[in-house]
Amino acid sequence: MTFLGLSAKNALRNRFRTVLTVLGVAIAVLAFVMLRTVVWAYNVGVEAAAPDRIVTRHKVTFVMQLPKRYIDTIRQEPGVTVATWANWFGGKDPKHDREFFSTLAVDPETYFQVYTDVAVAPADLAAFKENRRGAIVGDVIAKKFGWKVGDKVSLKSPIFPGDWEFAISGIYTATRKSVDRSTFLFHWNYLNEGMAARQRDQIGWVVAKVSNPARTADMSLAIDRKFDERDTQTLSQSEGAFNASFLGMFTAVLKAIDVVSIVIIGIMMLILGNTIAMGARERTQEYGALRAIGFLPRHLAVFVLGESFTIGVLGGTVGLLLSYPIVQLGMGRFLEENMGSFFPYFRISPGNALLAMLLAVGMSLVAAGIPAWNVTRLRVVDALRRVA
Amino acid sequence: MSESTMVRVRGLSKIYERGGEQLKVLSGLDLDLAEGTFEALMGPSGSGKSTLLNIIAGLDRPSSGTVEVKGEDISRLSESALATWRSRTLGFIFQSYNLMPVLTALENVELPLLLTKLGGAERKKRAEIALRIVGLEQRMDHYPRQLSGGQEQRVAIARAIVNDPAIIVADEPTGDLDRQSADDILTLLEKLAKDMNKTILMVTHDPVAADRATKVHRLDKGALSS
């Protein structure tokens, strides 16, 4: 028998109450992990962005387009090893018109040279380059819609009217967390040729791969300087910064989610503090007896803190055990399949799991602070006289 | 202080302040308890017997006067020194046993030994001996809820003697028990005084229980009458 062992036994004294409290802590930990994972997954695109890619877009907004000839200017910038471009197509499959996925018109020759973290079988890539109506799709969207190589797919776009027919040439996978595995890639030329003459040769953005990732900031400035005197100015950023600006509109929501996650932990602390205080009050006479037989006030504080610690550890552990199947397998799978552009990789990060556990344990100790302080101030004779 | 005197109380007064008024509970009291005796303290409610017991046990402090136990004036000790003194010198028996319900009889008896430097095996061994002395060697693994009132009080007595204290104070130890169980407890206390040379001071309302003591002190309005 040890002091902490005794505390743990005390924690299980009123099993019903302890089970409810542990469940309360566990649900708070689960909610905390879910919310923190939303914030983390949203930022993973920024954090896991390729350090050696620069994205150049229209200076005003990425909705506005650039002249295609800009790609040649960017390719001439010293340090740029290869560059490609893409257009946002905004396509939807009429058979799944409620499902959102990214559709991009890309240059088949250079896109996969820049996006080396998008893995396609060489034979499939060759077939894609050969077929002007070919498409490469992510493995997540392919699995979701049951698409296979050779399948015919028809998409509609609110930006580019008409029926757009494609044949699936290949399915890509990702070697980096930030890659959306639900994107539909097709030939830019196919899109360009299908447009009115005055709308042709416009591109959404340029992505350049650079030889020295440490120089992306300088090179971004140098690229933008080249277009300063043109009709259309540019804004060049590292891929991480570009992703951040794309996600920037949701910053306030993310901050709110962050605050709510902390509020949940605060509520958990109050519930736990109340339970510990109730237990301590009920045991006043027992604490008096312990003091009478020689236990010091600090020993009683250890019993109270140890009891709360036990509940914190149990609640934290149960919360994390619940979190993994719910977040990783349920919520995560759903978001990766249905909102892959926003949540390409929705998993519990080890940092968030550790933070949740530390907060559960830390807050349990804080919650027991006042009850522990109170028992150290008990007068023995008063405590022995009191019947809770 | 003669060699056989375990507790020596001199000029003991205790005054409480309640709402600005002074309430004198004990006034200039002298008392000696001899080593190895089983003595009882009787008196009507409010006579100050529990206050006197608490002061002798080092749970409360006198307003004036001295309390010497084994020659040491405990009224001069600090709170933490008093707690350590209690853990080494004193055994306490309560009317309502005050056992921890989450611990077995053996673990309850072992509890005071957590404050010593003894290892787990030695603590367990001593707790087993104490339980054997009170006749509960067959109930070591039982929880308090699985024991009768008399058995619970025996566990409490085992807990009181496990650290081999010089003095045992008992506050109404038979107050919650039926007559048979009370007799068994009193017999056990007699045996502890006689065979193990423990000095026992028992507060009781029960004249039958007091009759079993070697000496009875009567307290009335804060003063000893006999």
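The residue count restarts for each chain, going from 1 along the sequence in the order it is written. Chain letters start at A and ligand numbers start at 1, both assigned in the order the entries are written. The predicted origin of the model limits local features to residues at a pLDDT of at least 70 and limits the giving and counting of side-chain atom pairs to 80 or more, whereas totals for whole chains, interfaces and linings rest on all residues. With hydrogens and water stripped out, all remaining heavy atoms of the structure feed into the side-chain values.

Draft legend 1. Examining the overall build of chain B more closely. The helix count covers DSSP runs of H or I at least four residues long, the strand count covers runs of E at least two residues long, and both are numbered beginning at the N terminus. Helices and strands together make up the secondary structure of chain B, namely seven helices and 10 strands. Overall size of chain B, expressed as C-alpha extent along the three principal axes, is 50 × 40 × 40 Å. Residues counted as buried form 54% of the 226 residues belonging to chain B. A fraction of 70% describes how many contacts in chain B between residues 6 or more apart in sequence connect residues 24 or more apart. Residue burial considers only the protein chains on display, and all accessible areas are found by Shrake-Rupley using a 1.4 Å probe. Accessible surface, chain B as shown: approximately 9,700 Å² in total, 45% of it carbon and sulfur. Categorising residues by exposure relies on relative accessible area from a 1.4 Å probe, with only protein chains included: less than 20% of the type maximum marks a residue as buried, more than 50% marks it as exposed, and the intermediate range marks it as partly exposed. In this analysis, two residues are considered to be in contact whenever any of their non-hydrogen atoms come within 4.5 Å of each other.

Draft legend 2. How the structure looks around the overall build of chain A. Each helix and strand in chain A was counted, giving 15 helices and 12 strands. The C-alpha atoms of chain A give 29 Å as radius of gyration, which overshoots the globular expectation for 388 residues (21 Å, by more than 25%). Based on the C-alpha atoms only, the size of chain A along its principal axes is roughly 95 × 45 × 35 Å. Residue burial in chain A is summarised as follows: out of 388 residues, 52% are buried. If you take every contact in chain A between residues at least 6 apart in sequence, the share linking residues at least 24 apart comes to 79%. Counting only carbon and sulfur atoms, one obtains 61% of the accessible surface of chain A, whose full area is about 17,600 Å². Here the globule rule is a power law, 2.2 Å times the number of residues to the power 0.38, and the radius of gyration is based on C-alpha atoms.

Draft legend 3. Here's a closer look at the sheet that holds strand E6 (residues 90–93) of chain B. All names here are of chain B. Whether two strands pair depends on DSSP finding at least two bridges between them. Read from one edge of the open sheet, six strands run E6-E7-E8-E3-E9-E10, paired in mixed fashion. If you trace the sheet from one side to the other, it starts and ends with E6 and strand E10 (223–224), each paired once. Both E6 and strand E7 (residues 167–171) contribute to a ladder of four bridges, which runs parallel. Looking at E7, one finds that Ile93 is bridged to Ala170. Strands E6 and E7 of the sheet are contacted by helix H2 (residues 79–89), whose axis makes an angle of about 80 degrees with E6. Together, strand E3 (38–42), E6, E7 and strand E8 (199–203) form the strand contacts of helix H6 (residues 179–196), whose direction differs from that of E8 by roughly 150 degrees. Here an angle of 0 to 180 degrees is reported between the N-to-C directions of two axes, which are lines fitted to C-alpha atoms, with helices fitted over the stretch in contact.

Draft legend 4. Spotlight on the packing of helix H5 (residues 149–161) of chain B against H6(B). Residue and element names in this part refer to chain B. It is at 9 Å that the axes of H5 and H6 come closest, and there the two elements cross at 20 degrees. One way to sum up the angle between H5 and H6 is to call them roughly parallel. For the element pair H5 and H6, the recorded crossing hand is right-handed. Where H5 abuts H6, its residues Gly150, Gln153, Arg154, Ile157 and Ile161 lie against Ser181, Asp184, Ile185, Leu188, Leu189 and Leu192. In terms of residue class, the contact of H5 with H6 is made up of six nonpolar, three polar and two charged. For classification, angles of less than 35 degrees are called roughly parallel, those exceeding 145 degrees roughly antiparallel, those between 65 and 115 degrees roughly perpendicular, and all remaining angles oblique. Less than a right angle of anticlockwise turn of the near helix away from the far helix marks a crossing as left-handed, whereas a clockwise turn marks it as right-handed. Each residue gets one label: Ala, Val, Leu, Ile, Met, Phe, Trp, Tyr, Cys and Pro are nonpolar, Asp, Glu, Lys and Arg are charged, and the others, such as Gly, are polar.

Draft legend 5. Structural view of the interface of chain A and chain B. The interface is formed by 22 residues belonging to chain A together with 25 residues belonging to chain B. Overall, the association of chain A and chain B removes approximately 2,200 Å² of surface from exposure, summing both partners, and the carbon and sulfur fraction of that is 66%. When two parts are put together, the accessible area they lose, computed with a 1.4 Å probe and summed over both, is reported as buried area. Three residues, A:Met1, A:Lys9 and A:Ile293, lead the burial of chain A against chain B; their summed loss comes to 31% of the area buried on that side. In what follows, salt bridge is the name for a side-chain nitrogen of Lys or Arg lying within 4 Å of a carboxyl oxygen of Asp or Glu. Here B:Glu79 makes a salt bridge to A:Arg291, at a shortest N to O gap of 4.0 Å. By the criterion applied in these results, polar contacts are pairs of N or O atoms within 3.5 Å in which, for protein atoms, one can donate a hydrogen and the other can accept it, and in which residues neighboring in sequence qualify only through two side-chain atoms. In this structure, the connection of chain A to chain B is made through four residue pairs in polar contact (both at pLDDT 80 or more). With six residues, helix H11 (residues 284–292) of chain A is the largest single contributor of residues to the side of chain A that touches chain B. Residue classes in the side of chain A that touches chain B are distributed as 12 nonpolar, five polar and five charged.

Draft legend 6. Representation of the pairing of strand E2 (residues 21–34) of chain B. All names here are of chain B. Here strand E1 (residues 5–18) runs beside E2; their pairing, made up of 10 bridges, is antiparallel. In the sheet register, Val9 faces E2, and the bridge partner there is Leu31. If you look at the hairpin formed by E1 and E2, you'll find two residues sitting between the two strands, and Gly19 has a positive phi there, around 55 degrees.

Draft legend 7. Looking closely at the packing of aromatic side chains. Residue and element names in this part refer to chain A. Two rings belonging to Phe, Tyr or Trp (six-membered ring only in the last case) form a pair when the distance between their centres is within 6.5 Å. Interplanar angles under 30 degrees mark stacking, angles over 60 mark edge-to-face geometry, and anything in between is tilted. If you walk through the whole model with that rule in mind, you get 23 aromatic pairs over all chains. Where Trp85 meets Trp188, the ring centres are 5.5 Å apart and the plane angle is 90 degrees; that geometry is what we call edge-to-face. With Trp85 in strand E3 (residues 80–88) and Trp188 in helix H7 (residues 188–193), this pair connects stretches of sequence that are 103 residues apart. Residue Trp85 is classed as buried on the basis of its relative accessible area of 7%. Ring centres 6.0 Å apart and planes at 80 degrees place the aromatic pair Phe101 and Trp147 in the edge-to-face group. Taken together, the positions of Phe101 in the loop between E3 and strand E4 (103–106) and Trp147 in the loop between helix H6 (139–145) and strand E7 (152–155) put the pair 46 residues apart, joining distant regions of the chain. Each member of the pair, Phe101 as well as Trp147, carries the same accessibility label: buried. An aromatic cluster is present here, built from Phe89, Phe101, Phe145, Trp147, Phe160, Trp164, Phe166, Phe184, Phe186 and Tyr190 joined pairwise through their rings.

Draft legend 8. Focus on the side chain of A:His58. Residue and element names in this part refer to chain A. Mapped onto the fold, His58 is located in strand E1 (residues 53–58). Accessibility expressed as a relative area gives 9% for His58, which makes it buried. Residue contacts for His58: discarding those within four places in its chain leaves Met64, Gln65, Leu66, Thr232, Gln233, Thr234 and Leu235.

Draft legend 9. Examining unusual backbone geometry more closely. Residue and element names in this part refer to chain B. For Asn197, which is not glycine, the phi dihedral falls at a positive 60 degrees. Counting through the fold element by element, Asn197 comes out in the loop between H6 and E8. The backbone of Lys221 sits at a positive phi, close to 50 degrees, despite the residue not being glycine. Inspection of the secondary structure puts Lys221 in the loop between strand E9 (215–220) and E10.

Draft legend 10. Layout of the domain arrangement of chain A. Residues and elements named next belong to chain A. You can read the domains of chain A as domain 1 (3–46 + 253–385) and domain 2 (53–211). At the junction of the two partners, domain 1 supplies 10 residues and domain 2 supplies 11 residues. Between domain 1 and domain 2 we count zero salt bridges in total. Our count for the domain 1 to domain 2 interface comes out at zero residue pairs in polar contact (both at pLDDT 80 or more). Domain limits in this description derive from either an automatic procedure or a database domain assignment.

Draft legend 11. A look at the pattern of salt bridges. All names here are of chain B. Counted under the stated rule, the structure contains 28 salt bridges over all chains. The closest approach of N and O atoms between Glu110 and Arg123, which form a salt bridge, is 3.0 Å. On the criterion of sequence distance, the pair formed by Glu110 in helix H3 (residues 105–110) and Arg123 in helix H4 (residues 120–133) is long-range, its members being 13 residues apart. Classification of Glu110 as buried rests on a relative accessible area of 5%. The class of Arg123 is buried, set by a relative accessible area of 10%.

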